[in-house]
Amino acid sequence: MKNKLLKKSFLFLVLATLVTACNTSEKKKNVPLEIAPVIETFTISKEKLATELRIPAELTGFQQVDIYAKVSSFVKELKVDIGSQVKKGQLLLILEAPEISSQLAAAQSRQLSQKAVYTASKSTFDRLFETSKIEGTISKNDLEQAAARKNSDYAQYQATQAAYKEITIMKSYLAIRAPFDGIISARNVNPGTFVGSSGKGSESPLFTLQQQNKLRLSVYVPEIYTGYLNIGDELIFNVKSFNNETFHAKIARMSGALDSKLRSERVELDVINTSKKLLPGMVAEVFLPLKSKDNNYVVPKSAVVTASDGIYVFIVKHNKMKKTAVQKGRELENRVEIFGDIPENSILVKVASEEMKDGTKVK
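Here is what the cut-offs are and how they apply
Residues numbered from 1 in each chain as written. Predicted model: local features only at pLDDT ≥ 70, side-chain atom pairs only at ≥ 80, totals over all residues. Heavy atoms only, no water. Phe/Tyr/Trp six-rings, centres within 6.5 Å; stacked < 30°, edge-to-face > 60°. Helix = DSSP H or I, 4+ residues; strand = E, 2+ residues; numbered from the N terminus. Buried < 20%, exposed > 50% of the residue type's maximum accessible area, 1.4 Å probe, protein only. Salt bridge = Lys/Arg side-chain N within 4 Å of Asp/Glu carboxyl O. pLDDT = per-residue confidence, 0-100. Contact = heavy atoms within 4.5 Å. Pairing = 2+ DSSP bridges.

### Section: the packing of aromatic side chains
By convention here, two paired aromatic rings are described through the distance between centres and the angle between planes.
1) Next: Across all of its chains, the model carries seven aromatic pairs by this definition.
2) Next: Ring centres 5.0 Å apart and planes at 50° place the aromatic pair Tyr118 and Tyr154 in the tilted group. Of this pair, Tyr118 sits in helix α2 (residues 98–131) while Tyr154 is found in helix α3 (residues 140–172), placing the two residues 36 residues apart along the sequence.
3) Next: Relative accessible area serves as the criterion here: at 36%, Tyr154 is assigned to the partly exposed category.

This is how it looks when you write it as C-alpha cells:
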C-alpha cells in the first residue's frame, strides 16, 4: 500500500514539473525582442554653394555739400535756383555787408600810411649809411638807431598788409561760388535774408549742391558675407522706380572694418549716371552673388538640429548614432552649409530631431 502511494506522488511531481516547464517556455516565446529602428541616412559630400543675397542700399551724390555763409551778411542777389545745373567756380549768390567795405577802406588807408613811414625811415637809413662810408662823419650809434627804426617801420608795414589782405579775403566770401559741377537740390534763402557763420542766420544752408552724373551706392554687408566680395566686383541692383530695369556698378571702396552697431562692413559702388535717371536718395536693392572659394559640406536642413544645448548632427558609425556639434553657414532653399569635426564620407541621419539620443542603435 505504501509503495502505491509513493509511485502516485512521484508521478504527480513529474507531471507538475512538465507543466511548469511548458508554461515557462511559452512565456519566453511571448517576450518581444528589442529591434533597432530603421533610420534614413545619407553620405555627406563637399560642394561649392552659390547663393544670392539681396540687401537694401542707398544712392547718394558722389559729391554733396551744404553751402553756408562764412560772414554775417544779407542776401543781395540769387543767381541760381533748385534744379540749376552749375559748373565749378560759377557764381551762385551775392551777399552784402557794408561794414566789410568800410573795414577794407580803413585797412587800405593804414597800409598806405605805414608804407609812407617805412619809405621815409628807409630813405634816412640809406643816406646815413652812404655818409658813414667817410670815416668820422656818422657815429656808429646813430647808424644803428636808423637801422632799427627802418626795421620797425617795415614790420608795422607788413602787419598792415596782412590786415588788408585778411579783410580782402573776407570780402571775397560775399560772392559764393560752386566748389564742383553739380545740381542745386535745395535752396533755403531769398533776397534780403540774414545769413551768418553763427546765430539764427546759420541754422540752414544757403544751398545744397550734389554731383549727379556720378553717384555712390552704399550698402552694409553683414559680417558673415564680407569675405565673398572684392574691390572691382560688378554687382547688379534695381530701384523701385524702375522695377523692370537692372543697373550695374563696380565695387570701388570697402571700409575694411565692421560697424560697431550693425556688425556690417560699408561697401561703396560707383554708379555712372550720365542720363540723370537715378536720383540721390533713392533706395536700391543690391544682389550679392555669394560664391564659395572652397568646397564645404552641404547637407539638408532636416539633418541639422538647433537646440538649446547647441547645433549638431548625428553621425552613424557601427550602427550607432553619434551626436556631433557643428556650425551653420549659408542657407539655400532646403540646404545649409555646416562646419565641424566631420570625417569625409561620413554617414549622417537625414531627418534628425532632439528626441534622438546619442549612442542609439539604428538599422
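After presenting the structure, the write-up continues.
### Side note on the pattern of salt bridges
1) Next: Within this structure, the stated rule accounts for 13 salt bridges.
2) Next: Its salt-bridge partner being Arg216, residue Glu268 comes within 2.7 Å of it at the nearest N-O pair. Of this pair, Glu268 sits in strand β15 (residues 264–272) while Arg216 sits in strand β12 (residues 214–222), and the two are 52 residues apart along the sequence.
3) Next: The exposure class assigned to Glu268 is buried, which follows from its relative accessible area of 11%.
4) Next: Taken together, the shared-partner salt bridges in this structure form one network comprising Lys214, Arg216, Arg253, Arg266, Glu268 and Asp270.

### Considerations on the confidence of the model for the protein chain
1) Next: Model confidence for the protein chain is summarised by a mean pLDDT of 85, while 88% of its residues fall at 70 or above.
2) Next: Here helix α1 (residues 2–30) is the element of the protein chain with the lowest mean pLDDT, 48, and strand β7 (residues 91–96) is the one with the highest, 95.
3) Next: Predicted confidence is poor over residues 24–29, with pLDDT under 50, and the contacts of this stretch with residues over four places away or in other chains come to zero contacts.

### Side note on the pairing of strand β20 (residues 320–332)
1) Next: Bridge count between strand β19 (residues 310–317) and β20: six bridges; the pairing is antiparallel. Bridging across to β20, Val316 finds its partner in Met321.
2) Next: The hairpin turn running from β19 into β20, its antiparallel successor, is two residues long, and His318 in that turn takes a positive phi close to 55°.
3) Next: Bridging between β20 and strand β21 (residues 335–340) involves five bridges; their strand directions are antiparallel. Of the residues in β21, the one forming a bridge with Glu331 is Val336.

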